[in-house]
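What the coordinates show
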Amino acid sequence: MSLTARGQGRTAFAYLTPALLVLAGLLAYPIYQLVLISLYDYGQEQVSGGAPLHFLGLGNYRKLLGDQQFWTVLGQTVAFAAVCVAGTLLVGAFLAILATRVRTWVRMTLFLAALGAWSTPAVAGSTIWLFLFDANFGFVNEVLGLQGFSWTFDKWTAFGLVAAQVIWCSFPFVMVTLYAGIKAIPGEVLEAAALDGASAFRTAWSVTLPLLRPIILVVTIQSIIWDFKIFTQIYVMTNGGGIAGRNLVLNVYAYQQAFAASEYGLGAAIGVVMTVLLLVITLCYLRALRRSGEAL
Amino acid sequence: MTEALVLVIAAVVAFPLFWMVLSAFKPEDEIISADPVPWTTRPTLASFTRALTVANFGRYLGNSLIVALIVVVLSILISFLAATALTRFRFRGRTTLLIMLLVVQMVPVEALTVPLFFLMRSVGDSVPAFGLNHLGSLVLVHLAFGLPFAIWMLRGFVAAVPVELEEAATLDGASRFRFLWQVLFPLVAPGLVATSVLSFIHAWNDFLFAKTFIISAVENQTLPLALQVFVKPDQNDWGAIMAGSTLMTIPVLIFFVLVQRRLVSGLAGAVKG
Amino acid sequence: MRLKTLVAVLGVGAVVACAPVQSGPTTSGTDEQTGQLRVWLFDEVNRGPKEAVVKEAVSEFQGRHSGVTVDVQYIQVASRAERFKAAFSDPRSAPDVAEFGNTDLAGYVSAGGFSELDLGRWDEAKDLVPTILDTAKVDGKTYGVPWFVGVRALYYRTDVFTELGLKPPATLDEIATTAREIRQKKPELLGISTGGKYVFAALPFIWAQGGDIARQDGGKYTAAVESAEAKAGVAQYAELIKDDICPPATCAGNGGDASVEQFRAGKAAMTIGGDFNRKSVDASSAAGKYGVVPLPGRTAGSIAPAFAGGNLLGVLKGTQRRTLGNEFVQLLASKKYQQKMYAAMGNLPTFADVQKQVSDSDKFLEPFTRTLQAGTRFVPVTPAWAKIDAQAVLPTMIQEVVTGAKNVDAATAGAAQAMNAAFAS
């Protein structure tokens, strides 16, 4: 009783309908509106004040791309996201491998700690880290004997601090996922490697990690998408973008320059540009997936 | 040796959370002091009392819980159906749809608040419970933002269930409906658990949309908004902030602990695809 | 190929033909005389005293108008911008009466939020201090009643000054020299606690030098922060945030609250604080050990022009209870209740006679009333100010100079460019 192609399509459509309704109404339509808004001079006066709409075409984009600060912030965002993603993957992978080599109760302790980090809301997590690293009242400075040293003043230590916080709350996802992936590798494969005389490190590097490639790619892409769009941690921990805005990332820049200033047209343009950038990255990922033989 | 290392790392990872809970129990003068210590000799519930009474906490907790749970239930059902459709069936536009689902995850959420605000306003004109100032609007929005990720995650898990199983079931005379709900659904349960946990966290921690949609109906505010009360211009009430944050984190942690085994296997299956 | 062209045409058509949503200003036709009047007031650190006074006003109002209830909500200052924008965009969520900051006024008016008030028939109105009433006007029309005013002056540690045999600075220049001397002799103290984000402390320096941040030419504003006088003011203020007075690492990121906080914690010998900071300073470790003098000007005996901050009470444009709203505003902002608010919160009244009354009976207010009388200044009254504020143009400028990222010329040039872009939009 296999379905005909037509029947397949119809059943599939039936199953998809609830999702499509929600997504079309609440996601597709607003995104369409977003693109529309980016083409206009759209501020609070237009939104609620009855001021006339002024079609700008690509004016907002030209203004954005011509702003020197945008390019600086873009560079910072890419670099910052790269560090966060790399750090998260490294920490997650390292701990996942370690987790496979310890007893259950030790592993459970680690997982519980990681789940705690993961479940802390972004605002609470940022605040507690800020607290711990406070220049005068922070525990870290007390332990390290650095009383009075401000972690959030210097541009690089500030970025470093926020990156550490992001890695702290993001690595659990990678660790648990990779751990599950490693667990799924048939035991015979790993035994064969050990029989061949491979050390633990070589097994991990040459056998385990390649087998995990599809999983690693998925978590990498998700991490890239999330870390590129970071807002709360930077906003809270650098007090809105750091001294003279030197710790800005794109989402915070968009908020400060556009949304808080009611320049919704410009903000929409930044949103569109960010989406396009991430799309380019994803296309590279899809190309890589196809090359490795994965079907979609 | 490895075990000692893992335990040390676990301690470091858990430290900020420990500090948060500790600060919630510390008396006011010990929280902001020049010599902070990782213990307290005078634990007190005063901060918790302040957090629970000053901010009408119970009501907001209830609101957050309602929104998060409804989102989780609806998300499971809808994403399961959609993931099945996208994995088990072949039809034109399937790949395009999959790519679209990935693309929508890339749009920065903050940028969409203005269009969504007006959308909810219009929705509220026809169906008040889902409009501005009502929790229904939050349910809709979190559902919409959680579905793409949930569908992508579930895809892999549905794909892992062998086709032969379905064919065997149909040979035994089971209808499609029965197969779907009585065979496939339980098989992908771990994956559903994993995605539901993530939906829960996302809806539970949301601050942006609650701030945007709940304007005049203060009784419908959610928990993150409630905590803002303690972030005062002159002097933050750190004790209450820590107590409130602890109260916010505990339910999620409990949820996590309960499902953590299923979570692990869920994530494994989900990313296989 | 044809299908693709069709889709492309439809796509472009959809984009061009449709337009973003607007809600437009709503002036409702109705003016109900009964029902619930919704009021938004700002939340405070310690809300109790304010709430008590407001409750009094509410019962008096409800007593006077039968069938009317007043629902007061206290909103967070930090998230007020989003709240108000949402209220303007959705009149159903909007209150009837609201408290709002005078710097937010121009932006709110252009967003179609508040309605014009006719104060002509309110006889108490004639006693409102003219310069303060000006902060409630846009293009000559009044949109709110000033509820209280706040100005800043120089707080200093009397014990430290006595110990070192110093006198409070009498001119702007002396602030830096006095602060430097204190920090030299007592390295654990900040000479003066001020911050890179503390715009309202920096503006008096610019104004005292004879400059301004913007200049109005027949209705249009242009940035004036590049004038020689303004640059001198900026340079003089930036001098305070240096290692020998208030190290950038500690102070560059501080706004007003954080700056006063250092003084409260006993870590600074001076700070620029408002009359509204008095209660919290009195509750801190600096209590009983401080005095206040007006922020001095360029010459001895002069006072630097202070920024006239304050909140207004206004009636929202889409309200369905315009008359009731007006009456409630006039009640809560009346001399009687301003006096009660002073007693409860220390808020400086906006009526000339009440101000005099209150400062005669309280010595603490003397430097602040003198500052008020010496003449206060304000920010550009234009919706662009909200943009400039949100984009942190002035804090960025100060922070750039303080960290050495740019010199004064480059920093003010950058700020002028950003301000002009905002003024032109």
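Residues numbered from 1 in each chain as written. Chains lettered and ligands numbered in written order. Predicted model: local features only at pLDDT ≥ 70, side-chain atom pairs only at ≥ 80, totals over all residues.

1. Thoughts on the overall build of chain A
Test applied: Helix and strand labels come from DSSP, where a helix needs a run of H or I of at least four residues and a strand needs a run of E of at least two; each type is numbered from the N terminus. Whether a residue is buried, exposed or partly exposed is read from the other C-beta atoms within 10 Å of its own C-beta, which are placed from the backbone; 20 or more gives buried, 12 or fewer gives exposed, and intermediate counts give partly exposed. Placing a C-beta atom from the backbone of each residue, one calls two residues in contact when those atoms lie within 7 Å.
The secondary structure content of chain A amounts to 14 helices and 2 strands. On the principal axes, the C-alpha backbone points of chain A span a range of 75 × 75 × 30 Å. With 296 residues in all, chain A has 49% of them scored as buried. Sequence-distant contacts, at least 24 apart, represent 69% of the contacts inside chain A between residues at least 6 apart.

2. Considering the nonpolar core
Quick note on the threshold: Each nonpolar core comprises buried Ala, Val, Leu, Ile, Met, Phe, Trp, Tyr and Cys residues, the members being joined through C-beta atoms within 7 Å.
Counting residues in each nonpolar core, the largest one holds 303 residues, and the members touching the most others are Ala82, Ala144 and Ile151 of chain B together with Ile192 and Met419 of chain C. Residues contacting Ala144 of chain B, with those up to four places away along its chain left out, are Val22, Leu23, Leu26 and Leu27 of chain A.

3. Some thoughts on unusual backbone geometry
Positive phi outside glycine occurs at Ser262 of chain A, with the angle close to 60°. Relative to the elements of secondary structure, Ser262 of chain A occurs in the loop between α13 (250–259) and α14 (264–291). Residue Ser262 of chain A is classed as buried on the basis of its C-beta count, with 25 C-beta atoms lying within 10 Å. Within the chain, Asn133 of chain B stands out as a residue other than glycine whose phi angle is a positive 70°. Along the chain, the position of Asn133 of chain B falls in the loop between α6 (113–126) and α7 (135–160). Assessed through the 22 C-beta atoms surrounding it within 10 Å, Asn133 of chain B is described here as buried.

4. Thoughts on the sheet that holds strand β6 (residues 145–150) of chain C
In any sheet, the strands associate via hydrogen bonds between backbone groups, in a parallel or an antiparallel arrangement. All names here are of chain C. Cut-off, in case you're wondering: Should DSSP find at least two bridges between two strands, the strands are regarded as paired. To obtain each axis, a line is fitted to C-alpha atoms, and for helices this fit is confined to the stretch in contact; angles are then taken between N-to-C directions over 0 to 180 degrees.
Pairing within the open sheet is mixed, and its 5 strands lie in the order β2-β1-β3-β13-β6. Edge positions in the sheet fall to β2 (68–75) and β6, since each of these pairs with one other strand and no more. Strand-to-strand twist across the sheet, computed as the mean angle between neighbouring axes with direction ignored, equals 20°. With 5 bridges connecting them, β6 and strand β13 (residues 309–315) associate as antiparallel partners. Bridge pairing in β13 links Val145 to Leu313. Each of β1 (35–42), β2, β3 (97–101), β6 and β13 touches helix α13 (residues 322–332); the most contacted strand, β13, lies at about 150° to it.

5. A look at the pairing of β13 of chain C
Residues and elements named next belong to chain C. Of all 7 residues in β13, 7 are buried; the element is thus mostly enclosed. The alternating pattern of β13 places Gly309, Asn311, Leu313 and Val315 and Gly310, Leu312 and Gly314 on opposite faces, both of which are buried. Across 5 bridges, the pairing between β3 and β13 is antiparallel. Across the sheet, Glu99 pairs through a bridge with Leu313, a residue of β13.

6. Remarks on the pairing of strand β7 (residues 152–157) of chain C
All names here are of chain C. For β7, a buried count of 6 out of 6 residues is recorded, marking the element as mostly surrounded by other parts of the structure. Note that β7 and strand β10 (residues 270–274) share 5 bridges and pair antiparallel. From the neighbouring strand, Arg152 faces β10, where its bridge partner is Gly274. Two elements, β7 and strand β11 (residues 290–293), share 4 bridges in a ladder whose sense is antiparallel. Along β11, the bridge assignment pairs Arg157 with Tyr290.

7. Considering the interface of chain A and chain C
Selection rule: For this classification, Asp, Glu, Lys and Arg are treated as charged, while Ala, Val, Leu, Ile, Met, Phe, Trp, Tyr, Cys and Pro are nonpolar and the rest, including Gly, are polar.
Residue-level contacts link 26 residues of chain A with 31 residues of chain C. Residue assignment for the side of chain A that touches chain C shows that the elements contributing at least two residues are α1 (5–38), α2 (44–48) and α13 of chain A. For the side of chain A that touches chain C, the element with the highest residue contribution is α2 of chain A, accounting for 5 residues. Taken together, the residues of the side of chain A that touches chain C break down into 12 nonpolar, 12 polar and 2 charged.

8. Examining the environment of Ala240 of chain B
Residue and element names in this part refer to chain B. Relative to the helices and strands, Ala240 is located in helix α13 (residues 238–270). Residue class for Ala240 comes out buried when judged on the 26 C-beta atoms lying within 10 Å of it. Linking Ala240 and Phe48, residues 192 residues apart in sequence, is a C-alpha distance of 6.4 Å. Residue contacts for Ala240: discarding those within four places in its chain leaves Ser47, Arg50, Ala51 and Phe230.

9. Concerning the interface of chain B and chain A
Counting residues at the interface gives 69 residues for chain B and 75 residues for chain A. Every element with two or more residues in the side of chain B that touches chain A is listed here: α1 (2–25), α4 (57–88), α5 (94–104), α6, α7, α10 (189–205) and α13 of chain B. In terms of residue count, the dominant contributor to the side of chain B that touches chain A is α13 of chain B (14 residues). Each residue belonging to the side of chain B that touches chain A can be placed in one class, and the counts come to 53 nonpolar, 12 polar and 4 charged.

10. With respect to the sheet that holds β10 of chain C
All names here are of chain C. Taking strand neighbours across the sheet as the criterion, the 3 strands line up as β10-β7-β11 in an open arrangement whose pairing is antiparallel. Because the sheet does not close on itself, it has two edges, and the strands there are β10 and β11. With direction set aside, neighbouring strand axes in the sheet form an average angle of 35°.

11. Topic: the packing of helix α18 (residues 393–403) of chain C against helix α19 (residues 408–424) of chain C
Residues and elements named next belong to chain C. The condition that has to hold: Should an angle fall under 35 degrees it is taken as roughly parallel, and over 145 as roughly antiparallel, whereas 65 to 115 is taken as roughly perpendicular and any remaining angle as oblique. Rotating anticlockwise by less than a right angle from the far helix to the near helix defines a left-handed crossing, while the corresponding clockwise rotation defines a right-handed one.
Running from N to C, α18 and α19 point in directions that differ by 170°, and their axes come no closer than 9 Å. Taken together, the axes of α18 and α19 are roughly antiparallel relative to one another. For the crossing formed where α18 meets α19, the hand is right-handed. Together, Val393, Leu394, Met397, Glu400 and Val401 of α18 and Val408, Ala411, Thr412, Gly414, Ala415, Ala418 and Met419 of α19 make up the contact between the two elements. Among the residues making up the contact of α18 with α19, the classes are represented as 9 nonpolar, 2 polar and 1 charged.

12. Description of the environment of Ala57 of chain C
All names here are of chain C. Relative to the helices and strands, Ala57 resides in helix α2 (residues 47–64). With 21 C-beta atoms packed within 10 Å, Ala57 lands in the buried category. It is 7.5 Å that separates the C-alpha atoms of Ala57 and Tyr337, two residues lying 280 residues apart in sequence. If near-sequence neighbours (up to four positions away) are discounted, Ala57 is found in contact with Leu331, Leu332 and Tyr337.

13. As for the domain arrangement of chain B
Residues and elements named next belong to chain B. Convention followed: Each domain's extent was defined by an automatic or database domain assignment.
Domain boundaries assigned for chain B yield domain 1 (1–44) and domain 2 (57–270). With centres defined by C-alpha atoms, the gap from domain 1 to domain 2 works out at 32 Å. At the interface, 8 residues of domain 1 touch 6 residues of domain 2. Mapped by element, the contributors of at least two residues to the side of domain 1 that touches domain 2 are α1 and α2 (28–31). For the side of domain 1 that touches domain 2, the residue count by class is 5 nonpolar, 1 polar and 2 charged.

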